[in-house]
Amino acid sequence: MPELPEVETIKRSLAKKALGKRILDVGIFWPPAAVSIPGGDFTELVKGREIESFARRGKYLLINLSRGLTMIVHFRMTGRLIYYADQQPREKHTHVVFYLDQGELHYSDIRKFGRIQLVSTSEAMQVASLAKLGPEPLDELFAFDQLGQRLAKKKSTIKASLLDQKVIAGLGNIYADEALFRAGIQPGRRTESLKVSEIIKLYNAIGEVLAAGIKAKGTSFRDYRDADGNKGSFQYNLMVYGRGGLECIVCGQKLERQKIAGRTTVFCPDCQK
DNA sequence: AGTGGCTCCTGAGCGC
DNA sequence: TGCGCTCAGGAGCCAC
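Note that this is a predicted model, so its numbers are computed, not measured.

## As for unusual backbone geometry
A positive phi angle is found at Lys 217, which is not glycine, with a value near 60 degrees. Turning to its location among the elements, Lys 217 is positioned in the loop between helix 7 (196-215) and strand 10 (256-260). Of note in this structure, Ala 261 is not a glycine but carries a positive phi near 55 degrees.

Shown next, in the form of structure tokens:
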């Protein structure tokens, strides 16, 4: 499931292949996946435009096209965007194909939760879902006291707070659990009970786990692939996610699995206080 | 403001 | 082999 490191990896791999290519035509095979500007036809608006740049905000990928249009992609659970240098037959769950002057870009999504939304570039950041996002955790301007101030407003568990994209952008279930483990904090703790020293630990753990995730080109627990169709390798570095009932790699205690904030959450009852 | 529940959706895994 | 069930979950929405 693409979280910040996965979207960043897709962005980087896509930039190497699709930058500067022109979109000759678009095939839409499941219309809800391609959301157009109200009153405008998606294909007609995108046709003929050049892919000028890529950006990322939280878990959103932004594809900036020439003449002021942007496609905002949210992959949700199982979305994929893969570049092929040659003609490629459509797979079962391929919903949108961009036919480029060189190669093809295929958007596929097994569970159909993801969307490609077309907006004007000038309004992209004002789109409701993006406007509400909290700070970028890897931005050098993002300081620990900023995290502390945002957490101070929350009255919920720390796990729920980290998943709240308004608090901090880009964390999902995997990296939230991994960050909490590395910070030694139980995910069920009330946010307001965290001491400053714990928020500093959490801040550092978030930065470390996201940077490590990007370095490993993401976590391919099941469905995730980058724009070249390759898997990431961070699944081999996961300490808690997907390891409920197994031994803690630090202390050997059995890892606990609980529903917190409606999400399956795994933690070490011994290492995390 | 919070939480829980529901919705979207398909496939994997499991018991029988 | 296959049926029916549960689970996986990001985010928006609703009721409370």
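Next comes the rest of the account.
## As for the side chain of Thr 43
Structurally, Thr 43 can be placed in helix 2 (residues 42-46). In this structure, Thr 43 is in contact with Asp 25, Val 26 and Ile 28, ignoring residues within four places of it in sequence.

## Topic: the protein's contact with DNA strand B
Lining the immediate environment of DNA strand B, one finds Trp 30, Lys 92, His 93, Ile 110, Arg 111, Lys 112, Phe 113, Lys 154, Lys 155, Ser 156 and Thr 157. At 3.2 Å from a sugar or linking oxygen of DNA strand B is found a main-chain nitrogen or oxygen belonging to Arg 111. Lys 112 is positioned with one of its side-chain polar atoms (N or O) 3.3 Å from a phosphate oxygen of DNA strand B.

## Description of the pattern of salt bridges
It is possible for side chains of opposite charge to pair when their charged atoms get near one another. Per the stated rule, a full pass over the model turns up 15 salt bridges. A salt bridge links Asp 177 to Lys 159, with the nearest nitrogen and oxygen atoms 2.7 Å apart. Taken together, the residues Asp 177 in helix 6 (residues 173-183) and Lys 159 in helix 5 (residues 158-163) connect sequence positions 18 residues apart. Here Asp 177 matches Lys 159 in class, with each residue buried. Among the charged side chains, a salt-bridge network with shared partners connects Glu 8, Lys 11, Arg 12, Arg 56, Arg 57 and Glu 136.

## So, the domain arrangement of chain A
Domain assignment breaks chain A into domain 1 (4-131) and domain 2 (144-267). For domain 1 and domain 2, the distance between their C-alpha centres works out to 28 Å. Counting residues at the interface gives 20 residues for domain 1, matched by 20 residues for domain 2. At the boundary of domain 1 with domain 2, total buried surface from both sides reaches about 1600 Å², with 59% on carbon and sulfur atoms. Summed over the three residues of domain 1 that lose the most area to domain 2, namely Pro 5, Glu 6 and Arg 80, the buried surface amounts to 30% of that side. Applying the counting criterion to the domain 1 and domain 2 interface returns one salt bridge. With a shortest N-O distance of 2.7 Å, Lys 17 and Asp 228 are connected by a salt bridge. The interface formed by domain 1 and domain 2 includes nine residue pairs in polar contact (both at pLDDT 80 or more). Secondary-structure elements contributing two or more residues to the side of domain 1 that touches domain 2 are helix 1 (4-18) and strand 6 (79-84).

Calculation criteria
- Residues numbered from 1 in each chain as written.
- Chains lettered and ligands numbered in written order.
- Predicted model: local features only at pLDDT ≥ 70, side-chain atom pairs only at ≥ 80, totals over all residues.
- Heavy atoms only, no water.
- Helix = DSSP H or I, 4+ residues; strand = E, 2+ residues; numbered from the N terminus.
- Contact = heavy atoms within 4.5 Å.
- Near = heavy atom within 4 Å.
- Polar contact = N/O pair within 3.5 Å; in protein donor to acceptor, adjacent residues only side chain to side chain.
- Salt bridge = Lys/Arg side-chain N within 4 Å of Asp/Glu carboxyl O.
- Buried < 20%, exposed > 50% of the residue type's maximum accessible area, 1.4 Å probe, protein only.
- Domains from an automatic or database assignment.
- Buried area = accessible area lost by both parts, 1.4 Å probe.

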